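Descriptive analysis of the structure
Below are the chains, spelled out letter by letter.
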Amino acid sequence: MKRVLVTGGAGFIGSCFARTLRAERPDAEIVVLDKLTYAGNLENLRLFDGDPLYRFVKGDIADPEAVKDAMAGCDAVLNFAAETHVDRSLLSAGHFLDTDVKGVFVLLEEARRVGVERFIQISTDEVYGQILEGAFTENDPLNPRNPYSAAKCGGDRLAYSFFASFGLPVIVTRASNNYGPYHYPEKLIPLFVTNAIDDLPLPLYGDGKYVRDWLYVEDHARALLFLLEKGTPGETYNVGGGNEVENIEITRRILSILGKPESLIRKVADRPGHDRRYALSTAKLEALGWKPRFDFETGIESTVRWFVDNEAWWRPIKERDVQFREWYQKNYAERLATSKPA
Ligand code: NAD
Ligand code: TYD
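Residues numbered from 1 in each chain as written. Chains lettered and ligands numbered in written order. Predicted model: local features only at pLDDT ≥ 70, side-chain atom pairs only at ≥ 80, totals over all residues. Heavy atoms only, no water.

1. Things to note about the sheet that holds strand E13 (residues 340-341)
- If you walk across this open sheet you meet the 3 strands as E8-E12-E13, and the pairing is mixed. The open sheet has two edge strands, strand E8 (202-205) and E13, and neither has a second partner.
- With 2 bridges connecting them, strand E12 (residues 265-268) and E13 associate as antiparallel partners. Note on E13: the bridge partner recorded for Arg266 is Pro341.
- Across the sheet, helix H12 (residues 322-337) touches E8 and E12, and the angle it forms with E8 is around 80 degrees. (Pairing = 2+ DSSP bridges. Helix = DSSP H or I, 4+ residues; strand = E, 2+ residues; numbered from the N terminus. Contact = heavy atoms within 4.5 Å. Axes fitted to C-alpha atoms, helices over the stretch in contact; angles between N-to-C directions.)

2. So, the site of ligand 2
- Around ligand 2, the structure places 19 residues, and the nearest of them are Glu126, Arg212, Arg271, His274 and Tyr332.
- In this structure, Glu126 approaches ligand 2 through a side-chain N or O atom, which is 2.5 Å from an oxygen atom.
- Between an oxygen atom of ligand 2 and a main-chain N or O atom of Leu188, the distance comes to 2.9 Å.
- Elements supplying a minimum of two residues to the shell around ligand 2: helix H3 (86-91), helix H6 (188-197) and E8.
- When the residues that make up the shell around ligand 2 are grouped by side-chain class, the tally is 9 nonpolar, 4 polar and 6 charged. (Near = heavy atom within 4 Å. Polar contact = N/O pair within 3.5 Å; in protein donor to acceptor, adjacent residues only side chain to side chain. Nonpolar A, V, L, I, M, F, W, Y, C, P; charged D, E, K, R; others polar.)

3. Here we look at the site of ligand 1
- If you check the shell around ligand 1, you find 28 residues, and the closest are Ile13, Asp34, Thr84, Tyr148 and Lys152.
- At 2.6 Å from an oxygen atom of ligand 1 is found a side-chain nitrogen or oxygen belonging to Asp34.
- In this structure, Thr99 approaches ligand 1 through a side-chain N or O atom, which is 2.9 Å from a nitrogen atom.
- Burial of ligand 1 by the surrounding chains reaches 97%, relative to a free accessible area of 840 Å². (Areas by Shrake-Rupley, 256 points an atom, 1.4 Å probe, with all protein chains shown as cover.)

4. Observations concerning the nonpolar core
- Residues Ile189, Val193, Phe296 and Ile300 are the most contacted members of the largest nonpolar core, which totals 36 residues.
- With 35 residues, the next largest nonpolar core counts Leu45, Tyr54, Ile122 and Leu227 among its residues. (Core = buried A, V, L, I, M, F, W, Y, C linked by side-chain atoms within 4.5 Å. Buried < 20%, exposed > 50% of the residue type's maximum accessible area, 1.4 Å probe, protein only.)

5. Regarding the sheet that holds strand E3 (residues 54-58)
- What the 7 strands build is an open sheet, ordered E3-E2-E1-E4-E5-E6-E10; its pairing is parallel. The open sheet has two edge strands, E3 and strand E10 (236-239), and neither has a second partner. On average, each strand axis in the sheet is inclined to that of its neighbour by 20 degrees, with strand direction left out of account.
- Of the strand pairs in this sheet, strand E2 (residues 29-34) and E3 are connected by 5 bridges, and their pairing is parallel. Counterpart to Asp34 in the pairing with E3 is Lys58.
- In the packing of helix H7 (residues 217-230) onto the sheet, the strands contacted are strand E4 (76-79), strand E5 (118-124), strand E6 (170-175) and E10, and the crossing angle to E5 comes to about 145 degrees.

6. Focus: the pairing of E10
- Side chains Thr236 and Asn238 project from E10 onto one buried face, and the interleaved Tyr237 and Val239 project onto a second face that is buried too.
- Alignment of E6 against E10, held across 4 bridges, turns out to be parallel. Its bridge partner lying in E10, Thr173 is registered against Tyr237.

7. A look at helix H1 (residues 12-24)
- For H1, built from 13 residues, the straight-helix expectation of 18 Å at 1.5 Å per residue is met to within 8% by its first-to-last C-alpha distance of 19 Å.
- H1 sits mainly inside the fold: 11 of its 13 residues count as buried.
- Listing the buried residues of H1 in full gives Phe12, Ile13, Gly14, Ser15, Cys16, Phe17, Ala18, Arg19, Thr20, Leu21 and Arg22.
- Buried residues along H1 sit in contact with strand E1 (3-7), E2, E4, strand E7 (177-179) and H7. (Expected span 1.5 Å × (residues − 1).)

8. Describing the environment of Pro233
- Position of Pro233 among the secondary structure elements: in the loop between H7 and E10.
- Put simply, Pro233 and Phe163 are 70 residues apart on the chain and 7.6 Å apart in space, counted from C-alpha to C-alpha.
- Ignoring anything within four residues of it in the chain, the contact list for Pro233 reads Arg118, Phe163, Pro169, Val170 and Ile171.

9. Some remarks on the pattern of salt bridges
- Under the criterion given, the structure shown has 27 salt bridges.
- The shortest N-O distance in the salt bridge between Arg25 and Glu229 comes to 2.7 Å. Here Arg25 is found in the loop between H1 and E2, whereas its partner Glu229 is found in helix H7, with 204 residues between them in sequence.
- For Arg25, a relative accessible area of 33% translates into the label partly exposed.
- Between Glu311 and Arg315 there is a salt bridge, and its shortest N-O distance comes to 2.8 Å. In this pair, Glu311 and Arg315 both sit in helix H11 (residues 311-320), 4 residues apart, roughly one turn of the helix.
- Take Arg315: its relative accessible area is 19%, and that puts it in the buried class. (Salt bridge = Lys/Arg side-chain N within 4 Å of Asp/Glu carboxyl O.)

10. Brief notes about the packing of helix H4 (residues 94-114) against helix H5 (residues 147-166)
- Direction vectors running N to C along H4 and H5 enclose 15 degrees, while the axes themselves pass 8 Å from each other. Viewed along their axes, H4 and H5 adopt a mutual orientation that is roughly parallel. Seen from above, H4 lies across H5 with right-handed handedness. Facing H4, whose interface residues are Phe96, Leu97, Asp100, Val101, Val104, Phe105, Leu108, Glu109 and Arg112, H5 presents Tyr148, Ala151, Lys152, Gly154, Gly155, Leu158, Ala159, Phe162 and Phe166. (Parallel < 35°, antiparallel > 145°, perpendicular 65-115°, else oblique. Left-handed = near helix turned anticlockwise from the far one by under 90°.)

In structure tokens, the structure reads:
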């Protein structure tokens, strides 16, 4: 691929993909289209300062003019842009529909007009809903249970419909929970690591026995590059790390790496409609030759180390960003006031 559009490239996974693409394919032209919402951060793209094969466009994927400008001359599109936090979707879901459904539609329309050779829609394992035993395969029915996953499900199927109806070479990927450097500190791992560094309480929802399959973000980025070059249009691929861990165990692991006491754990009111467990079969992707490189032990050690070494990245968000502080207050103040020690 000569020129690749990375939408949402100023976020956590999109920026990791852009850095991976630059490292692995030094001749690729990279265009990033990002609205720079609270989750977008140009610090994540510092590597590209002065790079003549890189262009940043500030804009909304739901704005046809911005999309037209960014997609000009591109032969591949990877859509990372999304509203991504389940808890925020429970308090207000409008933006999720605007970006995760309507935005995907605008991108697909332009991709069809331009005639791109590949369109990868980055979807999520959450579109399947929860699974108490076993693991989801790509052909399982979709049963999203919160506004975030329902909106992502809309984008996922809309992307597929452009393959089935118009022959647009779309690939859909469904990844499990990512973690690693540059993770916005509203999600479980970066929130708990940064709170623990500052001896602040760790607000664990419910009984803490919810299970996610954790995928190191660099493994995800490599999987996407792999699928960009080797995936088959019209197909959907699960991308998982093969690391199922309970939230309480992750919390204890973080505290132990940092040498902090378990008394920081606070059991707080649960997330409504909280999916108990996600698990993915990645047999389809592994049969093509991809495998994750990071086990959870190695990945969590290096993630915690990154946050310890990069306070200059997260402190401005947690301490000075009004949007973060308002969110923290809204989602956690009452929960923490009525919390119990673990
Ligand atoms: P993130 O919240 O860190 O970043 C999202 C990025 O999209 C930000 O840079 C933001 O500014 C940008 N953005 C949001 N709305 C936009 C719009 N309307 N137009 C242009 N840009 C917009 O998200 P992430 O964790 O990096 O997730 C990236 C993608 O991967 C999302 O599509 C998400 O659904 C999917 N995904 C994430 C995970 C995970 O664990 N984080 C797992 C599976 C799938
Ligand atoms: P999160 O990082 O928000 O990802 P997702 O909802 O996409 O899985 O949450 C991961 C798990 O951690 C999930 O079971 C909810 C739980 N959680 C807490 O217990 N406390 C928190 O403050 C957060 C943000 C998440």
